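# Residue-level structural notes
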Amino acid sequence: MATSQDRNLMLSVRNFGPIYSAEIELRPLTVFVGPSNTGKSYLAILIYALHKFFNGSKTKRPSDFYYRQNLFGQREISEEYITHLHDKAEQIFSQMEMDRLTEDFTLPDEIASLIQSLLSDVLIGDVLSAEMMRCFGIDGLRRFIRHGSKESAEISLSAVSTQARYNYDSLYKFAIKKDTLTTSIPDTTPLQVGRNAFNEWYHWRQNLSDGELADSERKKYLMDILIYELFENIISSFANPMSLPAYYLPADRTGIMHARNVVMGSLIQGASLAGLRTARALPVLSGVVADFLEQLIELDDLARTRERPKWDLPQRLENEILKGEIHIKNSVTGYPVFSYQPTGWKEDMQLMNASSMVSELAPVVLYLRHVVSPGEVLIIEEPESHLHPGMQVAFIRHLAAAVRSGIRVIITTHSEWVLEELANLVRLSDLTESRRKGVGGADYALSPDQVGTWLFESKKRPKGSVVKEIPLDADYGGFRSDYDDVAISTHNDWATIGNRIVEREHE
């Protein structure tokens, strides 16, 4: 069975924020380019929010729904339904050795179709709405609807795979109208459940003695437990790549890294004065910034406790670009302190005293070393920030290495250097490894199906951005973006100025 890591996802949005329409295949390396204020970061944050929802807690607490709605009461589930579900469960799962079940599995269609409508009722609820508003730092769903639009904002997710079993027209469809988010889940969406989903049901099935309940009551009781356990243990991914853990490195990482110490100091000082002064209103952080700060705070614990894959990518970033090492030390406050030790130095310097390039890339090194694992998603806004063009090229090669190692990467960028190097890395895949020798980036080649580059273009009618894929153009020599227009315009201005200087000299 294909796993989430093996497949891409098609994300379609309409009338969402500044975006009029977009249809984007999320590939192992996905790149958003285009003018400012066209929705690149907006879409990246949406992707992060969806990952947080599908990978986070079990959506809306099924038990809350279960007790609140009284499944076998107000919903008036018929005896025929109960008997049918019971008989199917018995037929299918009596053949499975529950005590030896070691892996998650896809719910058989016969069972999935019977609980689909019940599951649809509890899948979304208020949880996705709350997660989206938290990540964006806004206070109402209606703010997601494109300004001036009278239609709903629409979001849909579709699986993309060469395996027919997973070629679904749609996994989920969401619509936002005013302050309400609704969802629909096609019957063809596979429902994947955790290996513990049937433990409790299996236990009661084995131990409920004959004659203890009438047959109809026994079936009802077991189905009561089965549906409850399914809701409690259903994997919200439903074989959805959005279930992968995702991490977001926002723009202005340098400023956030430097401000972090001030924030920590303020919190500590405020805690020591608790009850001695009136409370102050604190500004609200967007969820992506708040999560970034929280993960920085927890990095020291992760560094000491989390088992990490053995790879040299973080060290290569330090050696080849930073020319030094990023260190984590535990302070007397309990919060980690980050420092930088240039190559050849015996002592560290505070990160805030290092160059902006070091501060900007330090989180990337730390996340690759302590947080992100192969099969997970890393979203980076403007990876070119504070980097010399040569360093931009070198850094993109290291991101390609991360992709080759199994990390899925999404970036937003304004850099022509980034696009040109990505084009070279894809073009390299047309050469055999032996013929790549001596070419820059030879060890970082990516196949065309690993890279997707998407251009955000602003339109006046209807007002909003339209997103389209930029194909690799071998004749042109790369990914043709709107940055060419800027280069041509500045070159033409140069020529015009030169001509007028010559004209003045001949007056």
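Residues numbered from 1 in each chain as written. Predicted model: local features only at pLDDT ≥ 70, side-chain atom pairs only at ≥ 80, totals over all residues. Heavy atoms only, no water.

## Focus: the nonpolar core
Core analysis: the biggest nonpolar cluster contains 109 residues, and Leu-11, Leu-46 and Met-132 have the highest contact counts within it. Of the residues forming this core, the biggest block, 10 residues, is contributed by helix 1 (residues 40–55). Membership of the second largest hydrophobic core comes to 10 residues, among which are Ala-89, Ala-112, Leu-222 and Met-223. (Core = buried A, V, L, I, M, F, W, Y, C linked by side-chain atoms within 4.5 Å. Buried < 20%, exposed > 50% of the residue type's maximum accessible area, 1.4 Å probe, protein only. Helix = DSSP H or I, 4+ residues; strand = E, 2+ residues; numbered from the N terminus.)

## Some points on the pattern of salt bridges
Any two side chains of opposite charge can pair, so long as their charged atoms come close to each other. This structure, assessed with the given rule, holds 15 salt bridges. As a salt-bridge pair, Glu-25 and Arg-27 come within 3.3 Å of each other at their nearest N and O atoms. By relative accessible area, Glu-25 is classed as buried at 14%. Of the residues examined, Arg-27 reaches a relative accessible area of 11% and is grouped as buried. One salt bridge connects Arg-134 with Asp-291, and the closest N-O pair in it is separated by 2.8 Å. Note that Arg-134 is positioned in helix 5 (residues 127–136) and Asp-291 in helix 9 (residues 287–305), a separation of 157 residues in sequence. A single salt-bridge network, built from bridges that share partners, covers Lys-52, Glu-131, Arg-134 and Asp-291. (Salt bridge = Lys/Arg side-chain N within 4 Å of Asp/Glu carboxyl O.)

## Let's talk about the packing of helix 1 against helix 9
For the pair helix 1 and helix 9, interaxial distance at closest approach is 11 Å and the crossing angle is 60°. In terms of orientation, helix 1 lies oblique with respect to helix 9. Where helix 1 approaches helix 9, its residues Ile-45, Tyr-48 and Lys-52 are matched on the opposing element by Val-288, Asp-291 and Gln-295. Residue classes in the contact of helix 1 with helix 9 are distributed as three nonpolar, one polar and two charged. (Axes fitted to C-alpha atoms, helices over the stretch in contact; angles between N-to-C directions. Parallel < 35°, antiparallel > 145°, perpendicular 65-115°, else oblique. Contact = heavy atoms within 4.5 Å. Nonpolar A, V, L, I, M, F, W, Y, C, P; charged D, E, K, R; others polar.)

## Here's the deal with the side chain of Glu-131
With respect to the helices and strands, the residue Glu-131 is situated in helix 5. Note on Glu-131: relative accessible area 16%, which makes it buried. Setting aside residues up to four positions removed in sequence, Glu-131 forms contacts with Ala-49, Lys-52 and Phe-53.

## Considering the environment of Arg-14
Summarising the element assignment, Arg-14 is placed in strand 1 (residues 8–16). Those residues in contact with Arg-14 that sit more than four places away from it in its chain are Ile-19, Tyr-20, Ser-21, Glu-151, Ser-152, Ala-153 and Glu-154. For Arg-14, the side chain forms a polar contact with the side chain of Tyr-20, separated by 2.5 Å. (Polar contact = N/O pair within 3.5 Å; in protein donor to acceptor, adjacent residues only side chain to side chain.)

## Let's talk about the sheet that holds strand 3 (residues 29–33)
Strand order in the open sheet formed by 11 strands is 7-6-5-1-2-16-15-3-14-13-9, and the pairing between neighbours is mixed. Of all the strands in the sheet, just strand 7 (180–184) and strand 9 (246–249) have a single pairing partner and so form its edges. The mean inter-strand angle of the sheet, taken between neighbouring strand axes irrespective of direction, is 15°. Across six bridges, the pairing between strand 15 (residues 451–459) and strand 16 (residues 464–469) is antiparallel. Bridging from a neighbouring strand, Phe-456 pairs with Val-467 of strand 16. Contacts between helix 5 and the sheet are confined to strand 1, strand 5 (153–160), strand 6 (172–177) and strand 7, with strand 7 contributing the most and set at about 125° to the helix. Sheet strands touched by helix 13 (residues 416–428): strand 3, strand 14 (408–413) and strand 15. Its angle to strand 3, the strand with the most contacts, is close to 150°. (Pairing = 2+ DSSP bridges.)

## Thoughts on the pairing of strand 14
Judged by how many residues are buried, strand 14 sits mostly within the fold: six of six residues are covered. Of the two faces of strand 14, the one holding Arg-408, Ile-410 and Thr-412 and the one holding Val-409, Ile-411 and Thr-413 are both buried throughout. Note that strand 13 (residues 377–381) and strand 14 share five bridges and pair parallel. Bridging from a neighbouring strand, Glu-381 pairs with Thr-412 of strand 14. Tracing the backbone out of strand 13, into helix 12 (residues 389–404) and back to the parallel element strand 14 gives a crossover that is right-handed. (Right-handed = clockwise from strand over helix to strand, strands pointing away.)

## Overview of the sheet that holds strand 12 (residues 349–350)
Read across the sheet, three strands follow the order 10-11-12 without closing on themselves; strand pairing throughout is antiparallel. Because the sheet does not close on itself, it has two edges, and the strands there are strand 10 (324–330) and strand 12. Summarising the sheet, strand 11 (residues 336–342) and strand 12 pair through two bridges and their orientation is antiparallel. If you follow Tyr-340 over to strand 12, its bridge partner there is Met-349.

## A word on the packing of helix 10 (residues 313–322) against helix 11 (residues 356–370)
Where helix 10 contacts helix 11, the two axes come as close as 9 Å, and the packing angle between them is 165°. When the axis of helix 10 is compared with that of helix 11, the two are roughly antiparallel. Remark: the crossing between helix 10 and helix 11 carries left-handed chirality. The segment helix 10 lies against helix 11, with Leu-313, Pro-314, Gln-315, Leu-317, Glu-318, Ile-321 and Leu-322 engaging Met-357, Val-358, Leu-361, Val-364, Val-365, Leu-368 and Arg-369. (Left-handed = near helix turned anticlockwise from the far one by under 90°.)

## Side note on helix 5
Looking only at helix 5, the buried set comprises Leu-128, Ser-129, Glu-131, Met-132, Cys-135 and Phe-136. For helix 5, the angular spread of the buried residues around the axis is 165°, confining them to a single face. Contacts made by the buried residues of helix 5 are with strand 1, helix 1, strand 5, strand 6, strand 7 and helix 9. (Arc of directions from axis to C-beta.)

## Description of the packing of aromatic side chains
In this structure the tally under the stated criterion is 12 aromatic pairs. Taking 5.6 Å as the distance between ring centres and 70° as the angle between the ring planes, the aromatic pair formed by Tyr-48 and Tyr-248 counts as edge-to-face. Note that Tyr-48 is positioned in helix 1 and Tyr-248 in strand 9, a separation of 200 residues in sequence. Across this residue pair, the class does not change: Tyr-48 and Tyr-248 are buried. Their ring planes at 15° and their centres at 6.1 Å tell us that Tyr-172 and Phe-174 sit as a pair that is stacked. Under the relative-accessibility criterion, Tyr-172 is labelled buried at 0%. (Phe/Tyr/Trp six-rings, centres within 6.5 Å; stacked < 30°, edge-to-face > 60°.)

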